[in-house]
Amino acid sequence: MSAEDAPPAVAVEDGVGVVDADDRGAANGDGGSHELHHAPSGGDSSGGEAPSAPRPRVHPERSVPYVTVSDPVQHTEGLKGKFTMYRVAYDPPPPSADADAPDGGASGRPLFPYATSANRRYSDFSWLFDRLHRERPGAIVPPLPEKQQASRFSEAFIEDRRFHLEVFLRRVVRNPELKDAECLLVFLGGGDAEFKKAKKDKSVGGGKHAADAGGLNQTLSDDCHHDGAEAGDDHQDHGLTDRGKRRLSTGKAGIKKWIKEKKTTMQGSMVRSPDDAVFDEATHFVEALQAGLRRVEAQASAMVRRDKGAAASLLEFGLGCDALAHVEDEINGNGVEDEDGSSGMGKAFRMVGKTADAASAISAEHYERELGSFAEPLRDHLKMVHAAKVALTKRNNRRITYSTCLNAVDSKKATLHKHRITPGQEGKALGVEGSLSRAEQSVLAARANYEECSARVLREIDRFRTENATAMYATMAEFARAQKAYHERMNDVWGELLPQIEGVDPAVFNGKSFTREAATMREGSVKSVGTSLSASLAGSAGVAMEAVAEQMEGMSMPSYPPPPEPTANGGHGAGDAPDSSVLNGAVRYRAPLPEE
C-alpha cells in the first residue's frame, strides 16, 4: 500500500474519465495533439463548477482516448492508512481511429475485443512500470508521476496524479514495443485475483525472457565452478524446503552474476559489434540533449517565477498608487475633478494604479499559461530523455552480460583443457564438460537477448527522435505565441494609459498655498483676539461702575450740618470758640491732637 495515495475529488464524464478537447479531435481523426486544453480540477463534469480555475495543459503526445484513468476513490485498510483506487478503463478503438494511430497503423488489432475495467492504485502503476522494464529491456518506458509527501490529499494533487497516470498509460498503450506486454494485458484486463497472483509471481509475463534470464543466472552461477567437484552442490541442502532452496539459489545467482559482470566491466573485455559506433552516437545525442534541456528547463522555471513575481509586484504597485491618489485628493480639496474625485497628480496616480491592476491580472494569466504550456512540458521532455537514456543503459547491460558469458566459456574451455592434459584429472574434466555445455547454451541466449535489445533500442531511439522533435516544436511554438499575446496585451494596456496621463496637468493644485493659508490664519487670529480683549475690558468697567453706584445709593449719610469753615488764623470764627454742642455731637474724622 502506498502512502502517497489521496482521497477522491474528481467526478468523470460517463464513468470513463474526462476526454479533453484534443482527445476528441484525435478520436475523430483531426489531430490536435498539442492544442491547449483545460484539465478539470474537481467537481462534476456534467455541469457542476470546479472549485478552482483549471490550468491550461499541453499534451506531450497524441492522446489515446480509449484508455482512461478516472474515478479516484479513497479507501482505508486497517493500520496501513488511506489509499486511492483509480478506475482504469479500456474501450476498443473504432477501426478508423486505429488506422489513424500515431504509429502509422502498426498497433494492429486492439488489445482486447471487448471493453475492460479494473481498479488500480498508484503502487499497481509502479509495478507495471518496473515489470515493463524487465519484460521489454531497451524499450523507452514513459515516466510515472513523482511521489509526494505533502498535500497528497488535496484535490489539486489528486487531479494532477490522475492526469499524469492517464498520460503514462496512454503512452504505454500506443508504444508498439510495449503495447502487447503480458504485464500490461494483466494490468488492464486481469481480475483482482489474477492481478494479485501476477504481482506475486516473479516470472509472470516473462515467457521466453524469464526463461532466458533464469538460464543466464544459472550459467553465471556455474562460472564459479572450475572443477566437477562442485557440480553436485544442488543436492546438499536436503534440510531446506523447495521454496527456501529456490530463494537461496536465486540470491546466490544474483550476487555471483553481479560480481562476474563487474569484473568484466573493470577488465574492459567487452564484446564489440559493428553497430557500436551507432550506439555511441545515439548515447552522445541523448546525453547532449539532456544537458541542453536541463539548462533550458532551469531558465524556464526562472522566467515563470519572475512572471509570478511581476504579477504580485504590479498589484502592490497599483495599491500604492491608489493610496497616493487619496493623499493628493485630501490635500487639494474641491476643484476640477474627474469622475473618481481626483485632480492634478491625484488623477495621474489613480490612472496609473488602475492600469497596474489590469497589468497584474494579465501577468497572472500569463504565468498560468507559461506554467502549463511551457515549464511543465519541458520537465516532461526531460523525463522522456531520461527514459531514453535508461533504454540505452539496458542495452549496455545486455552487452555486459553477453561479454561475461563469453568470458565464462573461454575460462571453462581453458579449465577443461587443463584437466585433460593433467594425468588423473579425467573425472573432473567430465564435470567441466557439462558446465561448458550449459555456458555455451547461455551464450546463445545472452546473444539473442543482446541482439533483440539492441534492435529494440534502435527502433525506440528513432521513434523518440521523431516524437521528441514534434513535441519540442509544439512547446516552443506555444511559448512564442504566449509571449506574443502577453506583450501585445501589456502594450495595449500601457498604450491606452499614455495619452490619458499626458493630458493631465500636474500643476493643478486649485490655487492652494500652504504659505498663504498660514498667513491668512495668523491675521485672522490677531484681529479676533484684539476685538475680544476690548470687548472684554469695556464690559468689565461698565459692570464695576454700576455696582459702585448702587452701593453709594444705598449708603446712609449724617443729618447735621457740616463743621464751619476755618478762618485764616486757624480759628472757626465767632471768637474762635466752637459750640460745645457741635463738638459733642460731631463725628471725628481724625484722632484729637494733644492740645485739643
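Only a predicted model underlies this, so the values are computations on that prediction, with no experimental measurement involved. (Residues numbered from 1 in each chain as written. Predicted model: local features only at pLDDT ≥ 70, side-chain atom pairs only at ≥ 80, totals over all residues. Heavy atoms only, no water.)

1. Regarding the overall build of the protein
What the protein contains, in helices and strands, is 13 helices and five strands. Burial analysis of the protein (596 residues in total) assigns 38% to the buried set. Looking at the protein alone, contacts between residues at least 24 apart form 76% of all its contacts between residues at least 6 apart. Carbon and sulfur atoms provide 57% of the accessible area of the protein, an area that totals close to 33600 Å². (Helix = DSSP H or I, 4+ residues; strand = E, 2+ residues; numbered from the N terminus. Buried < 20%, exposed > 50% of the residue type's maximum accessible area, 1.4 Å probe, protein only. Contact = heavy atoms within 4.5 Å. Areas by Shrake-Rupley, 256 points an atom, 1.4 Å probe, with all protein chains shown as cover.)

2. Topic: the pattern of salt bridges
A complete count under the given rule lists 26 salt bridges for this structure. Among the ionic pairs, Arg171 bridges to Asp380, the shortest N-O distance being 2.5 Å. Here Asp380 lies in helix α10 (residues 345-421) and Arg171 lies in helix α4 (residues 155-174), a separation of 209 residues in the sequence. You'll find Arg171 and Asp380 in the same group, each marked buried. (Salt bridge = Lys/Arg side-chain N within 4 Å of Asp/Glu carboxyl O.)

3. Structural notes on the side chain of Ser373
As for its position among the elements, Ser373 is in helix α10. Judged by its relative accessible area of 2%, Ser373 is buried. Polar contacts involving the side chain of Ser373 include one to the main-chain carbonyl oxygen of Arg369, which spans 2.5 Å. (Polar contact = N/O pair within 3.5 Å; in protein donor to acceptor, adjacent residues only side chain to side chain.)

4. As for unusual backbone geometry
Phi angles above zero are rare outside glycine, and Asp71 is one such case at about 50 degrees. Among the structural elements, Asp71 can be located in strand β3 (residues 67-76). The exposure class assigned to Asp71 is partly exposed, which follows from its relative accessible area of 24%.

5. Comments concerning the packing of aromatic side chains
Under the criterion given, the structure shown has 10 aromatic pairs. Connected via pairs of aromatic rings, a cluster forms that spans Phe125, Trp127, Phe129, Phe168, Phe187 and Phe195. Geometry around Tyr122 places Arg161 over its ring, the cationic atom sitting 4.0 Å from the centre. In this arrangement the basic side chain of Arg465 is found over the ring face of Phe285, its NZ or CZ atom lying 5.2 Å from the centre. (Phe/Tyr/Trp six-rings, centres within 6.5 Å; stacked < 30°, edge-to-face > 60°. Lys NZ or Arg CZ within 6 Å of the ring centre and 35° of its normal.)

6. Quick word on the sheet that holds strand β5 (residues 116-121)
Taking strand neighbours across the sheet as the criterion, the three strands line up as β3-β4-β5 in an open arrangement whose pairing is antiparallel. This sheet does not close on itself; its edge strands, each paired only once, are β3 and β5. Along the sheet, successive strands turn relative to each other by an average axial angle of 25 degrees, direction set aside. Note that strand β4 (residues 82-90) and β5 share six bridges and pair antiparallel. Bridge pairing in β5 links Tyr90 to Thr116. Here helix α3 (residues 122-135) sits on the sheet in contact with β3, β4 and β5, set at roughly 100 degrees to β5. Together, β4 and β5 form the strand contacts of helix α5 (residues 182-189), whose direction differs from that of β5 by roughly 100 degrees. (Pairing = 2+ DSSP bridges. Axes fitted to C-alpha atoms, helices over the stretch in contact; angles between N-to-C directions.)

7. Details of the packing of α4 against α5
For the pair α4 and α5, the least separation of the axes is 11 Å and the interaxial angle reads 130 degrees. Viewed along their axes, α4 and α5 adopt a mutual orientation that is oblique. Taken as a pair, α4 and α5 cross one another with a handedness that is left-handed. Of the residues in α5, those touching α4 at Leu169, Val172 and Val173 are Leu184, Phe187 and Leu188. (Parallel < 35°, antiparallel > 145°, perpendicular 65-115°, else oblique. Left-handed = near helix turned anticlockwise from the far one by under 90°.)

8. What to know about the pairing of β3
Summarising the sheet, β3 and β4 pair through eight bridges and their orientation is antiparallel. From the neighbouring strand, Gln74 faces β4, where its bridge partner is Thr84. Linking two consecutive strands that pair antiparallel, namely β3 and β4, is a turn of five residues; a positive phi of about 55 degrees is found at Gly78 within it.

9. Some details on the nonpolar core
Ranked by internal contacts, the top residues of the largest apolar core, which has 31 residues, are Phe125, Leu128, Leu132, Leu169, Leu184, Phe187 and Leu188. Elements that contribute at least two residues to this core include exactly β3, β4, α3, α4, α5 and α6 (192-200). If sequence neighbours within four positions are ignored, Phe187 has contacts with Val88, Ala118, Arg120, Asp124, Phe125, Leu128, Leu169 and Phe195. Ile140, Phe279, Met384 and Met472 belong to the second largest nonpolar core, which has 21 residues in total. (Core = buried A, V, L, I, M, F, W, Y, C linked by side-chain atoms within 4.5 Å.)

10. Things to note about a nonpolar patch on the surface
The grouping of Val327, Ile331 and Phe514 at the surface amounts to a nonpolar patch, some 290 Å² of accessible area in total. You can see Phe514 is positioned in helix α12 (residues 514-553). (Patch = residues over 30% accessible without salt bridge, like charges linked within 9 Å, V, L, I, M, F, W, Y side chains within 5 Å.)

11. Some points on α3
Over its 14 residues, α3 extends 20 Å from the first C-alpha to the last, a length consistent with the 20 Å expected when each residue adds 1.5 Å. Among all positions of α3, only Tyr122, Asp124, Phe125, Trp127, Leu128, Arg131, Leu132, His133 and Glu135 are buried. (Expected span 1.5 Å × (residues − 1).)

12. Considerations on the packing of α10 against helix α11 (residues 426-502)
At a closest axis distance of 7 Å, the pairing of α10 and α11 adopts a crossing angle of 170 degrees. Taken together, the axis directions place α10 and α11 in an arrangement best described as roughly antiparallel. Looking at side-chain class alone, the contact of α10 with α11 contains 43 nonpolar, 15 polar and 17 charged residues. (Nonpolar A, V, L, I, M, F, W, Y, C, P; charged D, E, K, R; others polar.)

13. As for the confidence of the model for the protein
Taken as a whole, the protein shows an average pLDDT of 73; of its residues, 61% reach a score of 70 or greater. Looking across the protein, the model is least confident in strand β1 (residues 36-39), with a mean pLDDT of 34, and most confident in α3, with 94. A low-confidence stretch, residues 98-107 (pLDDT under 50), is modelled with 14 contacts involving residues beyond four sequence positions or located in other chains. Residue range residues 217-241 is modelled with pLDDT below 50. Its contacts to residues more than four positions away, or to other chains, number 39 contacts. (pLDDT = per-residue confidence, 0-100.)

14. Brief notes about the environment of Gly318
The residue Gly318 is located in helix α9 (residues 276-332) in this model. Distance from Gly318 to Val352, taken between C-alpha atoms, is 7.0 Å for residues 34 residues apart in sequence. When residues no more than four places from it in sequence are discounted, the contact partners of Gly318 are Gly353, Ala356 and Asp357.

15. Focus: the environment of Lys202
Along the chain, Lys202 turns up in the loop between α6 and α7 (208-222). The class of Lys202 is exposed, set by a relative accessible area of 59%. Spatially, the C-alpha atoms of Lys202 and Arg131 are 9.2 Å apart, while their sequence positions differ by 71 residues.

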